[in-house]
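Spelled out from the first residue to the last, the chains are:
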Amino acid sequence: MVDAPLPPAMLKGASLRDHIAIMRLDHATKHVFILPGIVLAALLRGSAVHPRFWPFVAGGLAAVLIASANYVINEWLDRDSDAHHPTKSTRTAVRLRMRAGAVWGQWALLAGLGLIAGASGGPVMGLVAAAFAAQGLVYNVPPLRSKDHAYLDVLSESVNNPLRLMLGWAMVDPVTLPPASLLLGAWFGGAFLMGAKRLSEYREIVASHGRDLLARYRASFARYNEISLTASCFVHALLSAMALAIFFIKYRVEYILLLPAVAVLFGKYLAMSMHPASAAQKPETLFAERGLMAIVAVTGMLFAFCTLLDIPALAPLTAQTFIALQ
């Protein structure tokens, strides 16, 4: 069993280093989703825009600062429930005594600086940065606290994926947003990843500590089971592939060749989430998964191939055609 948390008065006080720790700067690898936004904006909007240097800096700063602000309130508001988790019980806000005023002041400073950085990159980037900050509040702060509601928790957390993609797009094109089909593909793809993360947590914690402890850690788990989580991953993967297929057909049909690689990537990730102590529970460590990274590399090379090479034989996919029997 997980040990009961100590009363706050018995905990050691937090230092400046501890306040920096709850910003989770090691999670900055998740901002990799900015890159597809940059690349696709350059490919699809390159001739219509003239990128400047500062928006790239502003977008990067906005992403890191606002994400860190969201992590600060996440760790603070989850400290009681995290105490029931086998590994999250070692988090800073659980082990140390932190003052509410200091934590909320840290959040306000990081979020404010992130919003200023985003606004300096243009109106679209400013709006995306504001949505990114708002997502952290909706996900973590009562009475909304979407993370406590089954299925809504996955959808609200995964909205960070299209938001990061939009930040990358705004670095290149400051006046438009990416196509809705691309945003939906990124959103549902993120929902698949978050669902797989919860599936991995469910399997491991139920096996080692029982379902009651899992529900004390996160209220949404009271309405999940292994079958429903697996089914939700399947649905989100299908919806993501559907939206991406629409985007590929409309904007560059050659990209349709990416779908088999995307399917293999989904399959590999789902299989990986079934293993004990899976990296799916800690997405920031995924770069150490050689098999997964090999598939990502192949997908990247295929993307480059489809970008550089026109394939006229795929053109019929964009038009109505019928198979003639005579």
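Structural data are supplied above this passage.
Anyway, here's the lowdown on the structure attached to this text. Everything quoted here is computed from the prediction, not taken from an experiment. (Residues numbered from 1 in each chain as written. Predicted model: local features only at pLDDT ≥ 70, side-chain atom pairs only at ≥ 80, totals over all residues. Heavy atoms only, no water.)

Let's shift gears to the packing of helix α10 (residues 180-209) against helix α13 (residues 259-273). One can describe the packing of α10 onto α13 by two numbers: an axis separation of 8 Å at closest approach and a directional angle of 20°. When the axis of α10 is compared with that of α13, the two are roughly parallel. α10 and α13 meet at a crossing whose hand is right-handed. Touching Gly189, Phe192, Leu193, Ala196, Leu199 and Ser200 of α10 are Phe266, Tyr269, Leu270 and Ser273, all from α13. Partitioned by chemical class, the residues of the contact of α10 with α13 number 7 nonpolar, 3 polar and no charged. (Axes fitted to C-alpha atoms, helices over the stretch in contact; angles between N-to-C directions. Helix = DSSP H or I, 4+ residues; strand = E, 2+ residues; numbered from the N terminus. Parallel < 35°, antiparallel > 145°, perpendicular 65-115°, else oblique. Left-handed = near helix turned anticlockwise from the far one by under 90°. Contact = heavy atoms within 4.5 Å. Nonpolar A, V, L, I, M, F, W, Y, C, P; charged D, E, K, R; others polar.)

Bringing the packing of aromatic side chains into the picture now. Inspection of every chain in the model, using the stated rule, returns 12 aromatic pairs. Seen in terms of ring centroids, Tyr255 and Phe303 are 5.0 Å apart; in terms of plane orientation they differ by 15°. Their pairing is stacked. A residue pair is termed long-range when its members are at least 10 positions apart, and Tyr255 in the loop between α12 (226-251) and α13 and Phe303 in helix α14 (residues 290-308) qualify at 48 residues. Overall, Tyr255 belongs to the buried group, its relative accessible area being 2%. Ring-pair connections join several aromatic residues into one group, and the members of that group are Tyr151, Tyr202, Tyr217, Phe221 and Tyr224. Residue placement shows Arg79 over the ring face of Trp76; its charged tip is 3.7 Å from the ring centre. (Phe/Tyr/Trp six-rings, centres within 6.5 Å; stacked < 30°, edge-to-face > 60°. Buried < 20%, exposed > 50% of the residue type's maximum accessible area, 1.4 Å probe, protein only. Lys NZ or Arg CZ within 6 Å of the ring centre and 35° of its normal.)

Where helix α2 (residues 34-45) meets helix α9 (residues 160-172), the axes come as close as 7 Å, and the angle between the chain directions of the two elements is 40°. The orientation of α2 relative to α9 falls into the category oblique. Crossing hand, α2 versus α9: right-handed. Contacts between α2 and α9 involve Ile34, Pro36, Gly37, Ile38, Leu40, Ala41, Ala42, Leu44 and Arg45 from the former and Arg164, Leu165, Gly168, Trp169, Met171 and Val172 from the latter. A per-class count over the contact of α2 with α9 returns 11 nonpolar, 2 polar and 2 charged.

A few words on the nonpolar core. A general feature of soluble globular proteins is that nonpolar side chains tend to end up buried together. Membership of the largest hydrophobic core comes to 66 residues, with the highest contact counts inside it found for Phe192, Phe221, Phe248 and Tyr269. A per-element tally of this core places α10 first, with 11 residues. Counting residues in each nonpolar core, the second largest holds 13 residues, with Ala69, Ile73, Ala93 and Trp107 among its members. (Core = buried A, V, L, I, M, F, W, Y, C linked by side-chain atoms within 4.5 Å.)

Taken as a whole and judged by the stated rule, the model has 1 cavity of 30 Å³ or more. Volume-wise, the largest cavity comes out at about 40 Å³. Lining the largest cavity are Met23, Arg24, Leu25, His27, Ala28, His31, Val64, Ala67, Ser68 and Tyr71. The residue inventory of the lining of the largest cavity, partitioned by class, reads 6 nonpolar, 3 polar and 1 charged. (1 Å grid on protein atoms, 1.4 Å probe; cavity = no way out; pocket = protein on both sides within 12 Å on 5 of 7 lines; lining within 4 Å. Points joined across faces, edges and corners; volume = space filled by probe spheres on them.)

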